[in-house]
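Inside the fold
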Amino acid sequence: MLFLRQQSSYYIDTLAKSRPDARCFLRGDKTHPDLAGKALFFQTKEGVLLQVEVIGLPAKPGRCDGGVFGFHIHAGDKCAGTPADPFAGAMGHYNPYACKHPEHAGDLPPLFEAKGRVFMVFLTDRFTVRDVIGKTMIIHARPDDFTTQPSGNAGARIACGVIRR
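Residues numbered from 1 in each chain as written. Predicted model: local features only at pLDDT ≥ 70, side-chain atom pairs only at ≥ 80, totals over all residues. Heavy atoms only, no water.

1. Focus on the state of the cysteines
- For the structure shown, the criterion picks out 1 disulfide.
- Disulfide pairing is shown between C79 and C160; the S-S distance is 2.0 Å. On the S-S bond that ties C79 to C160, the torsion sits near -75°, and the link is left-handed. With a gap of 81 residues between them, C79 in the loop between β5 (71-74) and β6 (111-112) and C160 in strand β9 (residues 157-164) connect regions that are remote in the sequence. The pair formed by C79 and C160 is uniform in burial state, with each residue classed as buried. (Disulfide = S-S within 2.5 Å. Helix = DSSP H or I, 4+ residues; strand = E, 2+ residues; numbered from the N terminus. Buried < 20%, exposed > 50% of the residue type's maximum accessible area, 1.4 Å probe, protein only.)

Pasting the structure below:
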């Protein structure tokens, strides 16, 4: 148990005392103008520690109605697009090793909203901060099913941001 406490303290200290190595500010599409969020990226010796905060997610009315959203890093470098696909410039999932879904480097844990908000911290070793600078992050309207190829059937892209130093 001491090891777990030491590891937890290391991650908490990293978040509290370190400057992020990269950030991503997410904004909602036209149908979700109040959706906004940020992801902070901290490179550690074990991998990348991500801290994610989002507000304005579509809150679900009932206890069993969902409130789970797909969340991925995409390979594109912009959030521009067309009226039919406002974030087309984000392209597909970041997948530098041509893995099957959900083993893409850009496959992230889903967002579980609570009254339209999310706060989450997790560690991944699927990429380094340097690998994803300039890539995009996408929030999808539905949860990723972790099965459907190539991208998990997570639905429309409702928010996007570019990862920057």
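2. Let's talk about the sheet that holds strand β1 (residues 22-28)
- Ordered by their spatial adjacency, 7 strands build an open sheet running β5-β8-β9-β1-β2-β3-β7, and the pairing between neighbours is antiparallel. In the strand order of this sheet, the two ends are held by β5 and β7 (118-124), each with one partner. Neighbour to neighbour, the strand axes of the sheet diverge by 20° on average, direction disregarded.
- When strand β8 (residues 136-140) meets β9, the two strands line up antiparallel, connected through 5 bridges. Of the residues in β9, the one forming a bridge with H140 is R157. (Pairing = 2+ DSSP bridges. Axes fitted to C-alpha atoms, helices over the stretch in contact; angles between N-to-C directions.)

3. Comments concerning the pattern of salt bridges
- In this structure the tally under the stated criterion is 3 salt bridges.
- K38 is the salt-bridge partner of E53, the closest N and O atoms lying 3.9 Å from each other. You can see E53 sitting in strand β3 (residues 48-55) and its partner K38 sitting in strand β2 (residues 36-43), a full 15 residues away along the chain.
- Residue R126 is joined to E103 by a salt bridge in which the shortest nitrogen-to-oxygen separation is 3.5 Å. (Salt bridge = Lys/Arg side-chain N within 4 Å of Asp/Glu carboxyl O.)

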